[in-house]
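Descriptive analysis of the structure
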Amino acid sequence: MSEGPSDTTSGHAVGDPESRDTHGVSGWIRQRTRLTEENRYAYKLILPAIAMMFIIHFVPIVWGFAISFMELDALYIARWTEAPFAGLSNYTRVLDPATIVGQRYWFSLRQTLIFTVGSVGGAYVLGLITALILNRGFRGSKVARTLILLPWISPIVVVLLTWRMMLLSDTGIINHLLQTAGIIDEPILWLLGSKTIISVTLTNVWIYFPWATIMLFAGLKSIPNQLYEAASIDGAGRWGKFRYVTLPQLKPVSAVVVLLMVLWSMINFTVPFVLTGGGSGRHGEVLMLFIYNYAFQNYEFGLGAAMSVALFLVAMVLAMVYYRRVIDDSFGGGIGG
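These remarks concern the structure in this document. Nothing here was measured: the structure is a model prediction, and the numbers come from that model.

Criteria and thresholds
- Residues numbered from 1 in each chain as written.
- Predicted model: local features only at pLDDT ≥ 70, side-chain atom pairs only at ≥ 80, totals over all residues.
- Heavy atoms only, no water.
- Helix = DSSP H or I, 4+ residues; strand = E, 2+ residues; numbered from the N terminus.
- Salt bridge = Lys/Arg side-chain N within 4 Å of Asp/Glu carboxyl O.
- Buried < 20%, exposed > 50% of the residue type's maximum accessible area, 1.4 Å probe, protein only.
- Polar contact = N/O pair within 3.5 Å; in protein donor to acceptor, adjacent residues only side chain to side chain.
- Contact = heavy atoms within 4.5 Å.
- Core = buried A, V, L, I, M, F, W, Y, C linked by side-chain atoms within 4.5 Å.
- Phe/Tyr/Trp six-rings, centres within 6.5 Å; stacked < 30°, edge-to-face > 60°.
- Expected span 1.5 Å × (residues − 1).
- Axes fitted to C-alpha atoms, helices over the stretch in contact; angles between N-to-C directions.
- Parallel < 35°, antiparallel > 145°, perpendicular 65-115°, else oblique.
- Left-handed = near helix turned anticlockwise from the far one by under 90°.
- Nonpolar A, V, L, I, M, F, W, Y, C, P; charged D, E, K, R; others polar.

A positive phi angle, near 60 degrees, is found at Tyr 299, a position not held by glycine. Here Tyr 299 is to be found in the loop between α12 (287-297) and α13 (301-330).

Below, the structure is given as structure tokens:
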């Protein structure tokens, strides 16, 4: 009597589950090996970029965190390995309002918050208004979009030096126009005293609002027209459409725009430094400028590193809270699980 059909090459009957499993496993292994080879090639391509990011970002962060626990000053900068271990004394001096350093640090933190809130609020409102105007469509709107981007794409130092010349008390065009219009009688010291933080904030708004405009304009273009049509059927006017359609639909984009501008403003060094020359007095001394002056002018590198770490932690906590409370809700929990 003849036996059933068999697979002479494998020694297993055709249709044997063990045979199918063997072929399935081998095919899976070959597929995984091929994917692994492709991944290795991709990793080789991005390895130089990862290495540069590691050197430029990660190493300085670790180095700054390490020296924040040292009494590293001008005496030990050439032989930093011999700098005494300070423990938490640098952080105590920075965070204690009773110390001179602590008083200046908390005052600079207050100025930083004023600068951040003013910059983000002003840039967002101005960007939203501009985006709404561009979204309506008019002759020359494409040219207007290009011109609006000029403050953002222009070299930052050129923009700031131009603003600095315009804000000069004696020869600046802003004081000249205000005096000509009869709004002021005497020139205002825009870059000295209590007016400094206002000047720095308005300049930062001018730089940031084109980016906010483009982001919000893209968000407006993604809103379906059916929503506005449904709102019109329900009897909503312009304000009703803006309140119940435009703003809710812009919430995901707005959340990202606000978060990025907050972080950029908190660590902004270029705008206050170039605009004031680094010596505008305490009213224009935001945290980044204060840290720079204390670390690189007074050569208190350990103390400056402690200030930087404290600012880094504050920014990270604010970003995490904002991310969880606003961005996750805006995207329906779709980002970060």
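Moving on, we get to the pattern of salt bridges. Side chains that differ in sign of charge can pair as their charged atoms come close. Taken as a whole and judged by the stated rule, the model has 1 salt bridge. Put simply, Glu 285 and Arg 104 hold a salt bridge, and the shortest N to O gap is 2.9 Å. Remark: Arg 104 occurs in helix α3 (residues 100-136) and Glu 285 occurs in the loop between α11 (270-276) and α12; sequence separation between them is 181 residues. On the basis of relative accessible area, Glu 285 is assigned to the buried category, the value being 7%.

It is worth spelling out the side chain of Asn 204 at this point. Tracing the chain through its elements places Asn 204 in helix α8 (residues 196-221). Only 3.1 Å separates the side chain of Asn 204 from the side chain of Ser 119, close enough to count as a polar contact. Ignoring any residue separated from it by four or fewer positions in sequence, one finds Asn 204 in contact with Phe 115, Ser 119, Ser 265, Asn 268 and Val 271.

Here the focus is the nonpolar core. Tyr 124, Leu 128, Leu 167, Ile 207, Val 257, Met 261 and Leu 275 are the most contacted members of the largest nonpolar core, which has 39 residues in total. Mapped onto this core, the elements with two or more residues apiece are α3, α4 (141-148), α6 (156-166), α8, α10 (238-266) and α11. Residue contributions to this core peak at 10 residues, all from α8. The contacts of Ile 207, once residues within four sequence positions are left out, are Pro 151, Trp 152, Ile 156, Val 159, Leu 160 and Val 271.

Within the structure shown, the criterion is met by 19 aromatic pairs. Here the aromatic rings of Phe 273 and Tyr 292 are separated by 5.4 Å at their centres, their planes lie at 75 degrees, and the arrangement is edge-to-face. Of this pair, Phe 273 sits in helix α11 while Tyr 292 is found in helix α12, placing the two residues 19 residues apart along the sequence. With relative accessibility at 26%, the residue Phe 273 sits in the partly exposed group. Given a relative accessible area of 24%, Tyr 292 falls into the partly exposed group.

With that settled, the discussion passes to α3. With 37 residues, α3 should reach 54 Å at 1.5 Å per residue; the first-to-last C-alpha distance of 54 Å fits that figure. Where α3 ends, the next residue or the one after it, Gly 137, has phi of about 80 degrees, a positive value.

Now for the packing of α6 against α8. Where α6 meets α8, the closest approach of the two axes is 11 Å, and the angle between their N-to-C directions is 140 degrees. On the basis of their axis angle, the class for α6 and α8 is oblique. For the pair α6 and α8, the crossing hand works out as right-handed. Mapping the contact onto sequence places Ile 156, Val 159, Leu 160 and Trp 163 in α6 and Thr 203, Trp 206 and Ile 207 in α8. Tallied by class, the residues present in the contact of α6 with α8 amount to 6 nonpolar, 1 polar and no charged.

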